[in-house]
Amino acid sequence: MPIPERSTESRAGDVLLLPIAAVAFWTLAYQLVLILRWPAKTITWCFLAIALAGFFLLGRLWKKTNATPGKEYRFHLSHILLLVVGFAYAITALFVRRPNQDDVVYFHRALTQLLALNQPICLRQTSVDMDAAAFSPVHLATSYEMLMAFLGHYLRIDPLYFYQVVGHAFAAFLLPFVFYWCTRRFGLNRWSAAFGAPLGLGFLLLADKSSFGALLGAVKSLQSADPTGWVGFATVSGYMWQGKPIVLILFLPIGIALSYRFLSRGSATDLMWLTFLGIGGVGLSNIALYAIPAVVWCSWIAFFTLQLFEHKASEDLWKRIRRGLLLAIPLVYPIAILASLKMDIIPKPIDIHQLGPRYMPWREAVDYAIGGSAEYLRNIVLMVAVPLLIVRGRNGLFIFVYLCAVWLFCLNPLLARVWMENILAPTYFRLVYLLQFPLLCALLGAVGPRLAQPGNFLKGGLVTILALSAVIVSFFYSYRGLSIMPRDVKLGIGWKSPREYQLLPANVDFANAAGRYIAHAKLLAPAWTASCELPLLFPQMKVVAPRYVIHYFANARNPEEGILRRQAQAFVERDDPENPKRLQLLEAKFRQVIETARANAIAVPESKSQRVLATLKSINPGWHRVLKAGGLVLMLPSNSEPHG
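The residue count restarts for each chain, going from 1 along the sequence in the order it is written. The model is predicted, so local features are restricted to residues of pLDDT at least 70 and side-chain atom pairs to those at 80 or more, both for listing and for counting; the totals for chains, interfaces and linings are taken over all residues. To obtain the side-chain values, all non-hydrogen atoms of the structure were used and water was disregarded.

### Thoughts on the overall build of the chain
How we decide: A helix here means a DSSP run of H or I that spans at least four residues, while a strand means a run of E at least two residues long, and both kinds are numbered starting from the N terminus. The atom set for the radius of gyration is the C-alpha atoms, and the globule formula is 2.2 Å times the number of residues raised to the power 0.38. We call a residue buried when its accessible area falls under 20% of the maximum for its residue type, exposed when it is over 50%, and partly exposed in between, using a 1.4 Å probe and counting protein chains only. It only takes one pair of heavy atoms within 4.5 Å for two residues to be counted as in contact. Accessible surface is estimated by sampling points in the Shrake-Rupley manner with a 1.4 Å probe; for residues, cover comes only from the protein chains shown.
In terms of helices and strands, the chain carries 28 helices and five strands. Since a compact globule built from 644 residues should have a radius of gyration of about 26 Å, the 26 Å found for the chain is in line with a globular shape. Overall size of the chain, expressed as C-alpha extent along the three principal axes, is 90 × 55 × 45 Å. Taken over 644 residues, the chain has a buried fraction of 58%. Put simply, of all contacts in the chain between residues at least 6 apart along the chain, 75% involve residues at least 24 apart. Total accessible area computed for the chain in this model is approximately 26,100 Å², and 65% of it derives from carbon and sulfur atoms.

### Considering the sheet that holds strand β5 (residues 632-636)
For clarity, the threshold we go by: For two strands to be treated as a pair, DSSP must find no fewer than two bridges joining them.
Read across the open sheet, the five strands follow the order β2-β1-β3-β5-β4; overall the sheet is mixed. On the outer flanks of this sheet lie β2 (542-543) and β4 (624-629), each paired with one strand and no other. Bridging between strand β3 (residues 601-605) and β5 involves four bridges; their strand directions are antiparallel. By the bridge assignment, Val-604 is partnered in β5 with Val-633.

### Details of the pattern of salt bridges
For the record, the criterion: The salt bridge definition used is simple: a Lys or Arg side-chain nitrogen within 4 Å of an Asp or Glu carboxyl oxygen.
This model, assessed by the stated rule, comprises 16 salt bridges. For Arg-363, the salt bridge identified is with Asp-367, shortest N-O distance 2.8 Å. Here Arg-363 and its partner Asp-367 are both found in helix α15 (residues 362-370), four residues apart, which amounts to about one turn of the helix. Residue Asp-367 is classed as partly exposed on the basis of its relative accessible area of 21%. Shared partners join several salt bridges into a network, and the residues in it are Asp-129, Lys-522, Glu-561, Arg-565 and Arg-598.

### Examining the confidence of the model for the chain
The test is simple: Per-residue confidence from the predictor is reported as pLDDT, which spans 0 to 100.
In this model, the chain carries an average pLDDT of 87, and 91% of its residues clear a pLDDT of 70 or more. Of all the helices and strands in the chain, helix α9 (residues 214-221) carries the lowest mean pLDDT, 38, while helix α6 (residues 144-154) carries the highest, 97. Every residue in residues 1-9 is under pLDDT 50, and counting partners more than four places away or in other chains gives 23 contacts. The model gives residues 209-227 a pLDDT under 50, and that stretch makes 51 contacts with residues more than four places away or in other chains.

### Remarks on the packing of aromatic side chains
Note the threshold: Pairing of aromatic rings covers Phe, Tyr and Trp, the last through its six-membered ring, and needs centres within 6.5 Å; plane angles under 30 degrees mean stacked, over 60 mean edge-to-face, and all others mean tilted. Only Lys NZ and Arg CZ are tested; either one counts as a charge over a ring when it is within 6 Å of the ring centre and within 35 degrees of the ring normal.
The tally for this structure, following the rule as stated, stands at 28 aromatic pairs. An angle of 70° between the planes, with centres 5.8 Å apart, marks the rings of Trp-26 and Phe-150 as edge-to-face. Of this pair, Trp-26 sits in helix α1 (residues 18-36) while Phe-150 is found in helix α6, placing the two residues 124 residues apart along the sequence. Taken as a pair, Trp-26 and Phe-150 share a single burial class, namely buried. Grouped by ring-pair contacts, the aromatic residues Phe-25, Phe-55, Trp-62, Trp-273 and Phe-276 constitute a single cluster. The ring of Tyr-359 has Arg-417 lying over it, and the distance from NZ or CZ to the ring centre is 3.9 Å. Here the basic side chain of Arg-611 rests over the ring of Phe-571, its NZ or CZ set 4.6 Å away from the ring centre.

### Quick look at the pairing of β3
Of all five residues in β3, five are buried; the element is thus mostly enclosed. Residue alternation in β3 divides its side chains into two sets, Ala-601, Ala-603 and Pro-605 and Ile-602 and Val-604, and both sets are buried.

### Some remarks on a nonpolar patch on the surface
For the record, the criterion: Patch membership is restricted to residues that have no salt bridge and whose relative accessible area is over 30%. Joining uses 9 Å for like charges and 5 Å for the nonpolar side chains Val, Leu, Ile, Met, Phe, Trp and Tyr.
Taken together, Leu-83, Phe-87, Ile-91, Phe-95, Tyr-479, Leu-482, Met-485 and Trp-495 make up a surface patch of nonpolar side chains, about 760 Å² in accessible area. Looking at the secondary structure, you find Phe-95 in helix α3 (residues 77-95).

### Focus: the environment of Trp-241
Put simply, the rule reads: As used in this structure description, the phrase polar contact means that two N or O atoms lie within 3.5 Å; if the pair is within protein, one of them must be able to donate a hydrogen and the other to accept it, and residues adjacent in sequence are counted only when both atoms belong to side chains.
When you line up the elements, Trp-241 lands in the loop between α9 and α10 (243-265). For the pair Trp-241 and Gly-372, spaced 131 residues apart in sequence, the C-alpha to C-alpha distance is 28 Å. Engagement of the side chain of Trp-241 in a polar contact is seen with the side chain of Asp-103, the distance being 3.0 Å.

### What about α1?
Under the convention used in this document: A helix is expected to reach a length of 1.5 Å times the quantity of its residues less one.
In this model α1 runs 27 Å from its N-terminal to its C-terminal C-alpha over 19 residues, within 8% of the 27 Å that 1.5 Å per residue would give. All buried positions along α1 are accounted for by Ile-20, Ala-21, Val-23, Ala-24, Phe-25, Trp-26, Thr-27, Ala-29, Tyr-30, Gln-31, Val-33 and Leu-34. Within two residues after α1, Arg-37 carries a phi angle of roughly 60°, on the positive side.

Structural data, given as structure tokens:
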């Protein structure tokens, strides 16, 4: 059973966990309002009530267990280093532009909800003018985007800017503190943990081979929203304003450290923090439904295996087993949602074939996250050298066995099909993030104390130097460039002003020029513009063919509508001189969309404008060019009026 905490010193850093509790309370409030169909504005009042009651009960628990977060905190000079690194990383994040297609899938519903706070939370697709399904029921349960929208609204900050820029900088600022807190749990002293934090960030700053060109490829092909490699989710070079990177980069290492501390001490407070981690993670992203249980499960397997290696007495072994069973408590929330999905209590999407294949080769899926042979070599060196040769001892052995458990139960090719059947094959690569390579790099801070021990060079210092040298050589071998460097200057994936959104400059230019015409229009435009950026700037605008348009209408039992709209969009954005019959078919669908008033504004790439305008004039001679901006030409019928 959980035991009272014996030392308050180790709890001083737990103040870092308080935001996790706040996110968990917000998630409970949001999902309560979602289920009861109360007006959206009541989320705030429910959150305040739950938070007040929750923190009151937590205060009593902390007093009883002598484990109050931040109690007996003592300032240390190493904390100055953390502040400097945190601010530097956050400021850098303000200048890096990495637009992401998923923003409209996640955040447009929150922006639309701000226009209808007296109405229940939206359950259907908000970017089209006809009834269409939301992306998935599980995405409706995530509360993070609504939290960011509400914070921006109440703080009088543009909600989109608050989400993409302020949230990004805040997550970047927290990252070194997370590494510091986690490495302290694994035995590093203050200075070692403080110097280890920037080493963990350094892993994210070094671009993986697979990440180069991934973003540009996603822009052009629209095949996948997820960038490849760890760098795809890294703070300054990735998408840390979104919920899923926060789970993968911030929550998972905390989950490993908390599980280890609970299994070692059996504190009820740690069990509580893990429960909040599970609830808050579900509110951030549906990834947490399987990633956090996997982290806790693999941690328990590692700890139990460690007990067997140490030949503990049977009585002590049973005590560890009972603690492991108690770890089921934090997993109740995410597993209950997974079970509800499996039993169709929470209805699953009718059609998911648009989301990717049901199965893909194991190596292809893992390569998507790891990269090529150089990255494999680097990561193998990290997984062996850091826990066994640098951290060492019980802490290092736990980390090594944890990594083995991840490979055995989550990344085993024999079990890949089982995972893919339950979490979708295109998302299987996310299990690689359970390995937490940035945390391993942060643990390199243990090198200093190892080498500083007097008279220990021949016994252990030489091994430490050789291990560190192997890590450094593996990084040189896999180095491809810095992840913060521009990916495509012409497209605008590079640097930006801190005042700018995480949007492509061309689309912002078009929005500034055409905003008064399209703010309330039904716009047909190329996929990258219409589905991923303009709706975020004009939440009241409807787009004819948003990203996943076929998926949305297929799950509303109207698949023909989604296909029609996508074909009309294809006529606008592409040429097919080698297949004129295909172009004629697309033109017929385009005509149908225009003649049925599904679209009353068209944005066309300049190279396609003459062809599209000729077709429009054959339908209605009043169609004409209005303006050109951002590489697009806006076309409207003659009776269109600009909106204020």
